[in-house]
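Analysis of the macromolecular model
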Amino acid sequence: MFITFEGIEGSGKSTQVDLLKNTLEKIHFDVVSTREPGWGRVGSLIRKIILDYDDIEIEPIAELALFCADRAQHVQEFIRPKLSEGKIVLCDRFYDSTIAYQGYGRGLDPEMVKKLGFSAALGVIPTITFLIDISVNTALSRIIERPGRNRIDDESFEFHNRVRKSYLSLYKNQSNRIFLIDGEKSINDVQSEIRKVLKNRFSIFKRLEKFDKL
Ligand code: ADP
Ligand code: TYD
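The structure contained in this document is the topic of the report that follows. (Residues numbered from 1 in each chain as written. Chains lettered and ligands numbered in written order. Predicted model: local features only at pLDDT ≥ 70, side-chain atom pairs only at ≥ 80, totals over all residues. Heavy atoms only, no water.)

This brings us to the side chain of R151. Its location among the elements puts R151 in the loop between α6 (136–143) and α7 (157–173). Within the local environment of R151, its side chain forms a polar contact with the backbone oxygen of I50, the two atoms lying 2.7 Å apart. Beyond its immediate sequence surroundings of up to four residues, R151 is in contact with I50, L51, Y53, D54, I56, I58, E63 and R106. (Helix = DSSP H or I, 4+ residues; strand = E, 2+ residues; numbered from the N terminus. Polar contact = N/O pair within 3.5 Å; in protein donor to acceptor, adjacent residues only side chain to side chain. Contact = heavy atoms within 4.5 Å.)

Quick look at the structure:
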């Protein structure tokens, strides 16, 4: 089972990944968590190029190629082997991010971005995706204090708004895979919504019931 988390910056993806991982471990699921970009040696080098410098200009298509390279390595070296071992893999961002950010944020041809982003996933498709939605104002207020603000965090309100809108349209077209979660609610309410979706959709997660009774 491959569970991905999407949303604009500060929507609470990494908070929710950590909480879900802890919960699933408590009820003895074999679970690992990861994120994009930046897994492994190649990924951390690519992450550095894409995010760490605010004094270099990267062409949108070059940025797309870098995210795709990061993904292919991540899938080949980590995600696919873990899935083959039968583990549940939780991933903070995957190919929907590429469509939203490079396709609509940067304005590259969305069809081309979809094809490349999908090819870089080497055939691995998320079983389910949680899109945690917040307003751009909430996002900006949450990330303003963030110590490791990066090149993309610093993009304009309009950029983040395009990304948010494109996520919402991905959800509308793929509501069988993508679940929309209101990220303006409290951290605990968001987590309980995620558990509810998992419990209702997959029988293996029936055990999550006990957390709602606590
Ligand atoms: P992301 O991984 O999507 O960028 P984070 O999980 O790092 O987001 O959260 C960004 C900031 O917002 C953190 O300081 C976190 O504690 C806070 N946060 C996350 N979820 C919520 C929430 N539902 N309500 C209020 N603050 C939140
Ligand atoms: P990071 O700090 O890891 O994530 P977050 O802000 O969600 O906590 O930053 C990753 C940045 O990379 C984020 O701004 C989204 C961007 N990104 C893309 O533009 N395209 C992609 O394909 C991926 C995976 C991420």
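Read on, since the account is not over.
Turning next to the layout of surface pockets. Put simply, the largest pocket is a space of about 640 Å³. Taken together, 29 residues make up the lining of the largest pocket; nearest its centre are E9, R47, R93, R146 and N150. For the lining of the largest pocket, the element with the most residues is helix α4 (residues 95–105), which contributes four residues. (1 Å grid on protein atoms, 1.4 Å probe; cavity = no way out; pocket = protein on both sides within 12 Å on 5 of 7 lines; lining within 4 Å. Points joined across faces, edges and corners; volume = space filled by probe spheres on them.)

Turning to helix α8 (residues 187–201), a few remarks are in order. The first and last C-alpha atoms of α8 sit 21 Å apart over 15 residues, in line with the 21 Å expected at 1.5 Å per residue. Residues of α8 that are buried in the fold lie against β1 (2–6), α1 (13–26), β4 (128–133), β5 (178–182) and α9 (209–212). (Expected span 1.5 Å × (residues − 1).)

Geometry only, nothing functional implied.
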